[in-house]
Amino acid sequence: IQEGRVSCNGKICALGDTADAEADLITVDGVALPAAEKPVYIMLHKPRGFVTTLSDEKGRKNAAQLVNCGCRVYPIGRLDMDSEGLLLFTNDGEFANLMMHPRHEVDKVYRVWVTNFAPEKLEALAEPIELDGYMIKKPKVRPVRTEPTRAILDVTIHEGRNRQVRRMCETAGMHVTRLKRIAEGPIALGDLPLGAWRYLADEEITHLKTG
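Residues numbered from 1 in each chain as written. Predicted model: local features only at pLDDT ≥ 70, side-chain atom pairs only at ≥ 80, totals over all residues. Heavy atoms only, no water.

Residues and numbers for the nonpolar core, please.
Core analysis: the largest hydrophobic core is formed by 32 residues, its most contacted members being F89, V112, V114, L125, L153, C169 and M174. When contributions to this core are tallied by element, the ones reaching two or more residues are β5 (41–46), β7 (84–90), β8 (108–115), α2 (121–125), β12 (150–157), α3 (164–171) and β13 (175–184). Sort the elements by how many residues they give to this core and β12 lands first, with 4 residues. In this structure L125 touches P139, V141, L153, V155, M168, C169, A172 and M174, once residues within four positions along its chain are discounted. A96, M99, L189 and L192 belong to the second-largest nonpolar core, a separate cluster that totals 15 residues. (Core = buried A, V, L, I, M, F, W, Y, C linked by side-chain atoms within 4.5 Å. Buried < 20%, exposed > 50% of the residue type's maximum accessible area, 1.4 Å probe, protein only. Helix = DSSP H or I, 4+ residues; strand = E, 2+ residues; numbered from the N terminus. Contact = heavy atoms within 4.5 Å.)

Tell me about the layout of surface pockets, and please be specific about residues and values.
Taken as a whole, the largest pocket spans an internal volume of roughly 830 Å³. Around the largest pocket, the lining comprises 34 residues; the ones closest to its centre are R78, E159, G160, R161 and N162. Of the residues in the lining of the largest pocket, the class split is 12 nonpolar, 10 polar and 12 charged. (1 Å grid on protein atoms, 1.4 Å probe; cavity = no way out; pocket = protein on both sides within 12 Å on 5 of 7 lines; lining within 4 Å. Points joined across faces, edges and corners; volume = space filled by probe spheres on them. Nonpolar A, V, L, I, M, F, W, Y, C, P; charged D, E, K, R; others polar.)

Rendered as structure tokens:
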């Protein structure tokens, strides 16, 4: 600016001048500044077999490869390779940090298929346990279908510890054969096809931001 290289709408700028990056044409040495990237918020129905880390030393398939939205987005949180279901993506770092901050508690609902089931193990599963030196909050457990040794359960947790639901089930004496995240806060997976994605609606984004 002091060298007179910055202009706004054709007028050379001075220190203290203000401009609107979205409405004004700002140039440096006659070259327009790149437009600010529009925030993008997306939900993906992640299949099994895809990792959520953006770089994988083993060269495994990445869930971000399924989100062809025309800009670089990254996943919010994790969903391990053997799990499927709802996974959020964004290019908004502030929003991602808000969603992953421990104080911004967003309920996450998982549909869980288990073996070695017994009715009394539901009580053990619904108790808070310590994981990685952290005492998780009391989860909600709702049976969807039960058989003598197998069951389908909906488990709602408030944290996102590594492989948390699988470890909770193991502690309760059950083995997870399939795990699918079906909701995160007000966002439900619904009938979104496996491997497909969609943009979040404005009201969904607002609900996520306000908790």
